[in-house]
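The lines below spell out each chain.
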Amino acid sequence: MNQNLDTFSNPENEIDLKKLFKLLFDSKKLIIVTTIFTTLLALLLITQQKPVYTSAAIIEVGNYHSSSLKTKIIEPLNELIDDLEINFIIKQNITNLRLKAIASRLIEIKYTYPLIENNNELVDKLVKCLKIKHSKILITKTKEVEDQLIDEIELIEAQIEFANSVFLSQNADKKLDVSNHVERINSQIEFEKVNEKLRISNRIDTISDRLPTLSEKIKAVKKVIIEDESNLKLLASKPDLLIQRASESPTLNQIIYSYSVELLNFEAEMDSLLKEKDYLQGQLKALENGNLESEQIFNLYQIKENLQGQLKALENGNLESEKIFNLYRQLNRLKFELESLMNQNPSKTKLVREIETRTIDSKKLYFLILGFFSGLFLSVVTVLIINAFKEEQV
């Protein structure tokens, strides 16, 4: 072999391309035959190769409404893929099956096999299996949610019934308390009315007692004034006596003036007392007729009206505790959820796109070209080996 390499090498250890090409040209028949043989062999293998098909489908996993009307997927995609891989790939040894989640609710199924009938049958079987499984899960989940809501509704209704019984018992006690309070207010109002009448009557009596005394005083003062005025006129006719009396203090004019002022005061007091008496008599009459009330009595009537309103509301059952109100609100919400759940149209698991089957490209041209170049390479190597063997023999 080393000698053969020396044959194609020049003194500077370079390959002699002319001798190499001459050798290949002289062996062209062998090269052509070998290349044609490998190419035909590759062509034969290609024609014998069976076509491979791949079937694909995209499935949308259904959903349902849970409590509080929240939407939930029937089965999480990761759990669903794990279950399918266990039941089909591992247990049934279907190695060419591929499952992949491509969205929040979409799964792509791919199966590759030489028989197109097997492809469609397996994918269709898997899709039907999923639909049946998820239909059962959907029924079970919906029933669970319905039962849960019904149990919660029954519990709330029992709580409302118990709370109402307690509240009615408390209402009876409260009505009794309010009624007693109203009675106390009525008694207090009557007491205040009696006190007000007594006060007015006493004041009228006091005024009535005072008026005669004032009348007598007014008469006495008037009499004194008349007498002093007569004396003044008498003195005026006697100048000596008038001068003598004028030198005394107080003078007769001053005395008459002081009595006149006192008379005016008595008359003003009497006029004021008469007006007050008339006013008090009017108040007393209005009070007896129920048309007059003091500020304190008015406030008592306001309290009474408020208590009577509470009592009426308690008797009509219009009052309810905050706890019962919240329970009724919760009950109405649960009933609405149950009604919406029973009227819902849940989304079932279904095919988003029909099963598609196509032939996988077997790359025949690639293998044919590979066979051609493999034969060419093999023939050249064979020529070199034969030539090397001949050189060794020589």
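What counts, and where the lines are drawn
- Residues numbered from 1 in each chain as written.
- Predicted model: local features only at pLDDT ≥ 70, side-chain atom pairs only at ≥ 80, totals over all residues.
- Heavy atoms only, no water.
- Helix = DSSP H or I, 4+ residues; strand = E, 2+ residues; numbered from the N terminus.
- Buried < 20%, exposed > 50% of the residue type's maximum accessible area, 1.4 Å probe, protein only.
- Contact = heavy atoms within 4.5 Å.
- Salt bridge = Lys/Arg side-chain N within 4 Å of Asp/Glu carboxyl O.
- Core = buried A, V, L, I, M, F, W, Y, C linked by side-chain atoms within 4.5 Å.
- Expected span 1.5 Å × (residues − 1).
- Arc of directions from axis to C-beta.
- Pairing = 2+ DSSP bridges.
- pLDDT = per-residue confidence, 0-100.
- Axes fitted to C-alpha atoms, helices over the stretch in contact; angles between N-to-C directions.
- Phe/Tyr/Trp six-rings, centres within 6.5 Å; stacked < 30°, edge-to-face > 60°.
- Patch = residues over 30% accessible without salt bridge, like charges linked within 9 Å, V, L, I, M, F, W, Y side chains within 5 Å.
- Areas by Shrake-Rupley, 256 points an atom, 1.4 Å probe, with all protein chains shown as cover.

Draft legend 1. The arrangement of the overall build of the protein chain in detail. When helices and strands are counted, the protein chain shows 10 helices and 6 strands. With 394 residues in all, the protein chain has 27% of them scored as buried. Within the protein chain, residue pairs in contact and separated by at least 24 positions form 80% of the contacts whose partners lie at least 6 positions apart.

Draft legend 2. Structural view of the environment of Ser260. Note that Ser260 resides in helix 7 (residues 252-288). The exposure class assigned to Ser260 is partly exposed, which follows from its relative accessible area of 26%. Between the C-alpha atoms of Ser260 and Lys222, which are 38 residues apart in sequence, the distance is 8.0 Å.

Draft legend 3. Representation of the pattern of salt bridges in the model. Considering all chains together, one arrives at 14 salt bridges under this definition. Between Arg105 and Glu60 there is a salt bridge; the shortest N-O distance is 3.1 Å. Here Glu60 lies in strand 1 (residues 53-60) and Arg105 lies in the loop between strand 4 (97-101) and strand 5 (106-113), a separation of 45 residues in the sequence. A relative accessible area of 21% means that Arg105 is categorised as partly exposed. For Glu60, a relative accessible area of 18% gives the class buried.

Draft legend 4. The arrangement of the nonpolar core in detail. Counting 35 residues, the largest nonpolar core has Leu84, Phe88, Leu97, Ile107, Ile109 and Leu126 as its most contacted members. Going through the elements one at a time, strand 1, helix 4 (77-90), strand 4, strand 5, helix 5 (116-236) and helix 9 (322-343) are the ones with two or more residues in this core. In terms of residue count, helix 5 provides more of this core than any other element does, 13 residues in total. Residues in contact with Leu84, not counting those within four places in the same chain, are Ile89, Leu99, Leu126 and Leu130.

Draft legend 5. Inspection of helix 9 at higher detail. With 22 residues, helix 9 should reach 32 Å at 1.5 Å per residue; the first-to-last C-alpha distance of 32 Å fits that figure. Among the residues of helix 9, Ile324, Leu327, Leu331, Leu334, Glu337, Leu338 and Leu341 are the ones counted as buried. The arc that holds every buried residue of helix 9, seen down its axis, measures 145 degrees, which confines them to one face. Away from its buried face, by an angle of more than 90 degrees, helix 9 presents the exposed residues Glu322, Arg329, Phe336, Glu339 and Asn343.

Draft legend 6. Structural context of unusual backbone geometry. The phi dihedral of Asn93 falls on the positive side, at around 60 degrees, and the residue is not glycine. Within the fold, Asn93 resides in the loop between helix 4 and strand 4. Looking at Asn93, the relative accessible area reads 58%, which means it is exposed.

Draft legend 7. Highlighting helix 7. For helix 7, with 37 residues, the first-to-last C-alpha span of 54 Å sits near the 54 Å given by 1.5 Å per residue. Along helix 7, the positions that sit buried rather than exposed are Leu252, Ile256, Leu263, Phe266, Leu273, Lys277, Leu280, Gln283, Leu284, Ala286 and Leu287.

Draft legend 8. Region of the structure containing the pairing of strand 5. Judged from the 8 bridges that link them, strand 1 and strand 5 form a sheet pairing that is antiparallel. Bridging from a neighbouring strand, Thr54 pairs with Thr112 of strand 5. Bridge count for strand 4 against strand 5 is 5 bridges, and the pairing is antiparallel. Bridge assignment links Lys100 to a residue of strand 5, and that residue is Glu108.

Draft legend 9. Quick look at the environment of Asn231. Counting through the fold element by element, Asn231 comes out in helix 5. Accessibility expressed as a relative area gives 38% for Asn231, which makes it partly exposed. Linking Asn231 and Leu252, residues 21 residues apart in sequence, is a C-alpha distance of 8.5 Å.

Draft legend 10. Broad picture of the side chain of His134. As for its position among the elements, His134 is in helix 5. Note on His134: relative accessible area 1%, which makes it buried.

Draft legend 11. Spotlight on the confidence of the model for the protein chain. Per-chain confidence: the protein chain averages 79 in pLDDT, with 85% of residues scoring 70 or above. When mean pLDDT is compared element by element in the protein chain, helix 7 scores highest at 87, while helix 1 (residues 2-7) scores lowest at 46.

Draft legend 12. Region of the structure containing the sheet that holds strand 1. One open sheet holds the 4 strands; their spatial order is 4-5-1-6, and the pairing between them is antiparallel. The strands lining the two open edges of the sheet, one partner per strand, are strand 4 and strand 6 (350-359). Between one strand and the next, the sheet's axes are offset by a mean angle of 15 degrees, whatever the strand orientation. Those strands touched by helix 4 are strand 4 and strand 5, and its axis lies near 175 degrees from that of strand 4.

Draft legend 13. Expanded view of the packing of aromatic side chains. Tallied over the entire structure, the rule returns 1 aromatic pair. Here Phe372 and Phe373 contribute two aromatic rings whose centre-to-centre distance is 5.2 Å and whose plane-to-plane angle is 80 degrees, an arrangement assigned as edge-to-face.

Draft legend 14. Highlighting a nonpolar patch on the surface. Taken together, the side chains of Ile32, Ile36, Leu40 and Leu43 define a hydrophobic patch exposed on the protein surface, amounting to about 360 Å² of accessible area. Mapped onto the elements, Ile32 comes out in helix 3 (residues 28-48). Among the residues examined, Ile32 registers a relative accessible area of 46% and is labelled partly exposed.

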